[in-house]
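# Summary of the model geometry
What follows is the residue order along each chain.
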Amino acid sequence: MKKQIYSLFSAVPVLLLVAYLLTAALNGPETALVMRIPDAENCLPVLLSLQIEADYEPEAVKAQAIIARSNLYRQIEEKGLFTVLGETGRKVSSSFVPFYFSISMKDWECYEEAVTETENMVLSYENELRLVPYHEMSSGTTRDGAEVLHSEEYSYLKSVDSSVDKSAPDYLSTSYVAARQMPKRLVIKSRDSAGYVTRLTADGASLEGEAFRQGMNLASSNFKVQIIGTRYRFLCKGKGHGLGFSQYGGNAMAESGADCEEILKTYFPVMELVDVHNMI
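Residues numbered from 1 in each chain as written. Predicted model: local features only at pLDDT ≥ 70, side-chain atom pairs only at ≥ 80, totals over all residues. Heavy atoms only, no water.

### Focus on the overall build of the protein
- Each helix and strand counted, the protein has 10 helices and 11 strands in total.
- Split into buried and exposed, the 280 residues of the protein put 49% on the buried side.
- At a minimum sequence separation of 6, the contacts of the protein that also span at least 24 residues come to 71%.
- Of the roughly 13,500 Å² of accessible surface on the protein, a fraction of 50% belongs to carbon and sulfur atoms. (Helix = DSSP H or I, 4+ residues; strand = E, 2+ residues; numbered from the N terminus. Buried < 20%, exposed > 50% of the residue type's maximum accessible area, 1.4 Å probe, protein only. Contact = heavy atoms within 4.5 Å. Areas by Shrake-Rupley, 256 points an atom, 1.4 Å probe, with all protein chains shown as cover.)

Structure (structure tokens):
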């Protein structure tokens, strides 16, 4: 792994960073080279602000910062700097710009401190940067990576207990859909070991559970479905895909005194926390 990837250029103020990323998104990263390109670390507070609430415990935000850094550097390795800058710019243009002008200085400092206090730290497996997923809260147990993604390549993502998620005020959520908008016959065919729907059929057509969840805008694919009168009722457990880091669970650990390393070790038990500069 080449060190120049991780220490590209000098730091810039956040508004210049946003301007740079927008230029990269709209006109291409090559055009943006006329500006000073930010160090990868300076991109992270922006990304972090889009991933986790600032009112979470500092150690939970630091855990998310390490996850964000791990994924950012993995993407740079896999896709190249220019592609990642363009993609990041599009995320910023669609989500961050309006958010930035409403964020408080205290909240922004929370994100900057989380990045600074975890500088260069990433999660790795077998000395490689891998996908490090996260979600808002699990159904009580996170999901097995090999099972969900249908490949042993993701076996490092272990299913772990996160039963504290069940205490979240919005752990259970209900969605109603008019029967006329649904297929005539909806059948759940299989679930994974954590209870998430992996396959279902809609009038005989096979669908992936997570794709169905996203298409129907459900809180999670760990759901039960009932027909009540003229509506379908979906009762969901948890929020998000359920794979990897549960932000709610990590925050509960932080409230109990766990630091970011303990939190990450709980949710990624076979991954290692390392300095990215020490990776081969």
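Now, onward.
### Here we look at the packing of helix H4 (residues 58-79) against helix H9 (residues 247-255)
- Orientation of H4 relative to H9, taken along the N-to-C sense of each, is 135°, at an axis distance of 7 Å. Put simply, H4 runs oblique to H9. Relative to H9, H4 is oriented so that their crossing is right-handed. Judged by residue contacts, Glu59, Ala60 and Gln64 of H4 engage Gln247, Gly250, Asn251 and Ala254 from H9.
- Grouping the constituent residues of the contact of H4 with H9 by class yields 2 nonpolar, 4 polar and 1 charged. (Axes fitted to C-alpha atoms, helices over the stretch in contact; angles between N-to-C directions. Parallel < 35°, antiparallel > 145°, perpendicular 65-115°, else oblique. Left-handed = near helix turned anticlockwise from the far one by under 90°. Nonpolar A, V, L, I, M, F, W, Y, C, P; charged D, E, K, R; others polar.)

### Some thoughts on the sheet that holds strand E4 (residues 172-178)
- Strands sit in the order E4-E9-E8 across an open sheet of 3 strands; the sheet is antiparallel. Since the sheet does not close on itself, it has two edges, and those belong to E4 and strand E8 (223-228), each with one partner. Put simply, the sheet's adjacent strands are angled 20° from each other on average, direction ignored.
- Bridge count between E8 and strand E9 (residues 231-237): 6 bridges; the pairing is antiparallel. Bridging across to E9, glutamine 226 finds its partner in arginine 233. (Pairing = 2+ DSSP bridges.)

### Re the confidence of the model for the protein
- Confidence in the prediction for the protein averages 85 pLDDT; 80% of positions are at 70 or higher.
- Ignoring residues within four places in sequence, the model shows residues 22-27, a span with pLDDT below 50, making 15 contacts including any to other chains.
- Across residues 29-37, confidence stays below pLDDT 50; counting only partners more than four residues off in sequence or on other chains, it has 23 contacts. (pLDDT = per-residue confidence, 0-100.)

### A look at the nonpolar core
- Core analysis: the biggest nonpolar cluster contains 47 residues, and Leu48, Val61, Leu72, Tyr73, Tyr111, Leu123 and Phe268 have the highest contact counts within it.
- With 10 residues, the top contributor of residues to this core is H4.
- Contacts of leucine 123, omitting those with residues within four sequence positions, involve Ile66, Ile67, Ser70, Leu129, Val132, Leu264, Phe268, Met271, Glu272 and Leu273.
- In terms of nonpolar packing, the next biggest core, distinct from the first, is built from 12 residues, Val177, Leu186, Tyr232 and Phe234 among them. (Core = buried A, V, L, I, M, F, W, Y, C linked by side-chain atoms within 4.5 Å.)

### Structural notes on the packing of aromatic side chains
- In the structure shown here, the tally under the stated rule is 7 aromatic pairs.
- Aromatic side chains phenylalanine 212 and phenylalanine 223 sit 5.9 Å apart centroid to centroid with 40° between the ring planes, which places their arrangement in the tilted category. Of this pair, phenylalanine 212 sits in helix H8 (residues 209-216) while phenylalanine 223 sits in strand E8; the two residues are 11 residues apart in sequence, bridging distant segments of the chain. Here the two residues phenylalanine 212 and phenylalanine 223 agree in accessibility, since each one is buried.
- Considering the side-chain rings of phenylalanine 212 and phenylalanine 234, the 6.0 Å spacing of their centres and the 50° angle between planes classify their relative orientation as tilted. One end of the pair, phenylalanine 212, is in helix H8; the other, phenylalanine 234, is in strand E9, and 22 residues separate them in sequence. (Phe/Tyr/Trp six-rings, centres within 6.5 Å; stacked < 30°, edge-to-face > 60°.)

### Concerning the sheet that holds strand E1 (residues 121-125)
- If you trace the 3 strands from one edge of the open sheet to the other, you get E2-E1-E11, paired in antiparallel fashion. Of all the strands in the sheet, just strand E2 (128-129) and strand E11 (272-275) have a single pairing partner and so form its edges.
- Across 4 bridges, E1 lies against E11 in antiparallel orientation. Residue pairing across strands places methionine 121 opposite aspartate 275, the latter belonging to E11.
- Strands E1, E2 and E11 of the sheet are contacted by H4, whose axis makes an angle of about 65° with E1.

### Observations concerning the pairing of E9
- Residues Tyr232, Phe234 and Cys236 line the buried face of E9, whereas the alternating positions Arg231, Arg233, Leu235 and Lys237 sit on a face that is not buried.
- The turn joining E8 and E9, which pair antiparallel and follow one another in sequence, is formed by 2 residues; a positive phi near 65° is taken by glycine 229.

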